[in-house]
Every structure is written in structure tokens, then in C-alpha cells.
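# Summary of structural features
As a plain string of letters, each chain reads:
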Amino acid sequence: MAYEELSQSIVFPLGKKVEANFIGDAYLQMVFTDPTPLNAAIGNITFAPGARNNWHFHKIGQVLLVTGGEGWYQEEGKAARLLKQGDVVNIPPDVKHWHGATKDSWFVHLAVTAGTSQDTIWLSPVEDDWYNNL
Ligand code: MN
């Protein structure tokens, strides 16, 4: 899906290019950072085709709300799950995983991440030979 085709599902700003812990072009706009009443921050992440984050885990957990395009979610040791608009992913504490776009499509999700940035632990990149064999 081309970026222009996402126009119906672009709700929040694109934000700024993410510089660390991702491969490819990805953009982040934080949309909710108040520490109360919830102990969670909400970011809008937009991935160009082929972009994905490194393997990582969340100490408390994370929920992904897919707003547009097509992407992947994969937990270590499991098959990758294809994500489309309207899909919701519940990521339990301390489960190693990654998320990102498919090879051919832009992908946009909101990420609701409990705790602070310290509660996300970044690991190794999702290498091309892995990603290209999904
Ligand atoms: Mn995550």
C-alpha cells in the first residue's frame, strides 16, 4: 500500500524519523504522555515498506492498535502475524518480539506502552535474511 493510499487512516501526525533501534524509515509522534491517570504513553508509529524495529521486550507490556497499512508482529519462537487496519495486539510483559511494515506496504499503529521508556529493553536488529524469509 502506498503512503497516499493511507490517507483515510492517517489520524495523527507523522512525527519525526526514528533514529535508533529501527531498520529502515520509521516515524514517531507521541500522542499522549501524561503520567496520570494511566501509567502508559501512547505513540503513533508509521513504518515505510520494509521498516521494522529491533527485537525488544516491554517489562510491563504493550498494546498495538493498527490504524492503517499492512505489517508484521512476531514473538520469538512463533510465526509472524500479519496485521491490518483494526487489528489489536496484546503484548505480555517480558515477551521478546518485533513489529514493522511488510516489504510492500506502509504500516501505521498506535503503541500503548506501560511505564516509561526505561521499561522497554532493546535487543538485536531483525536482520534482512530473517525478515526476507517471513
Ligand atoms: Mn513492542
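Residues numbered from 1 in each chain as written. Predicted model: local features only at pLDDT ≥ 70, side-chain atom pairs only at ≥ 80, totals over all residues. Heavy atoms only, no water.

## Quick word on the layout of surface pockets
If you add up the space inside the largest pocket, you get close to 500 Å³. Taken together, 24 residues form the lining of the largest pocket, with Leu28, Met30, Thr113, Thr120 and Trp122 sitting closest to its centre. Elements with a minimum of two residues in the lining of the largest pocket: strand 3 (26-32), strand 4 (40-47), strand 6 (56-58), strand 11 (107-114) and strand 12 (120-122). Among the elements that line the lining of the largest pocket, the one with the most residues is strand 4, at four residues. Taken together, the residues that form the lining of the largest pocket break down as 10 nonpolar, 12 polar and two charged. (1 Å grid on protein atoms, 1.4 Å probe; cavity = no way out; pocket = protein on both sides within 12 Å on 5 of 7 lines; lining within 4 Å. Points joined across faces, edges and corners; volume = space filled by probe spheres on them. Helix = DSSP H or I, 4+ residues; strand = E, 2+ residues; numbered from the N terminus. Nonpolar A, V, L, I, M, F, W, Y, C, P; charged D, E, K, R; others polar.)

## So, the coordination of the manganese ion
Only His56 (NE2), His58 (NE2), Gln62 (OE1), His97 (NE2) and His99 (NE2) from the protein reach the manganese ion as donors, at distances of 2.2 to 2.3 Å. All donors of the manganese ion belong to a single chain; written as a sequence motif, their spacing is H-x1-H-x3-Q-x34-H-x1-H. Placement of His58 in strand 6 and of His99 in strand 10 (residues 97-101) is noted, with a sequence separation of 41 residues between them. (Donors = N, O, S within 2.8 Å, 3.2 Å for Na, K, Ca; no water.)

## Concerning empty space enclosed by the protein
Per the stated rule, a full pass over the model turns up one cavity of 30 Å³ or more. By volume, the largest cavity is sized at about 60 Å³. Residues that form the lining of the largest cavity fall into these classes: seven nonpolar, four polar and no charged.

## So, the packing of aromatic side chains
In the structure shown here, the tally under the stated rule is six aromatic pairs. Geometrically, the ring pair formed by Trp55 and Trp130 is edge-to-face, given 5.9 Å between the ring centres and 70 degrees between the ring planes. Taken together, the residues span a long stretch of sequence, with Trp55 in the loop between strand 5 (52-53) and strand 6 and Trp130 in helix 1 (residues 128-131) at a distance of 75 residues. Residue class for Trp130 comes out partly exposed when judged on its relative accessible area of 43%. In this structure, Lys96 is placed above the aromatic ring of Trp55, and the distance from its NZ or CZ to the ring centre is 5.5 Å. (Phe/Tyr/Trp six-rings, centres within 6.5 Å; stacked < 30°, edge-to-face > 60°. Buried < 20%, exposed > 50% of the residue type's maximum accessible area, 1.4 Å probe, protein only. Lys NZ or Arg CZ within 6 Å of the ring centre and 35° of its normal.)

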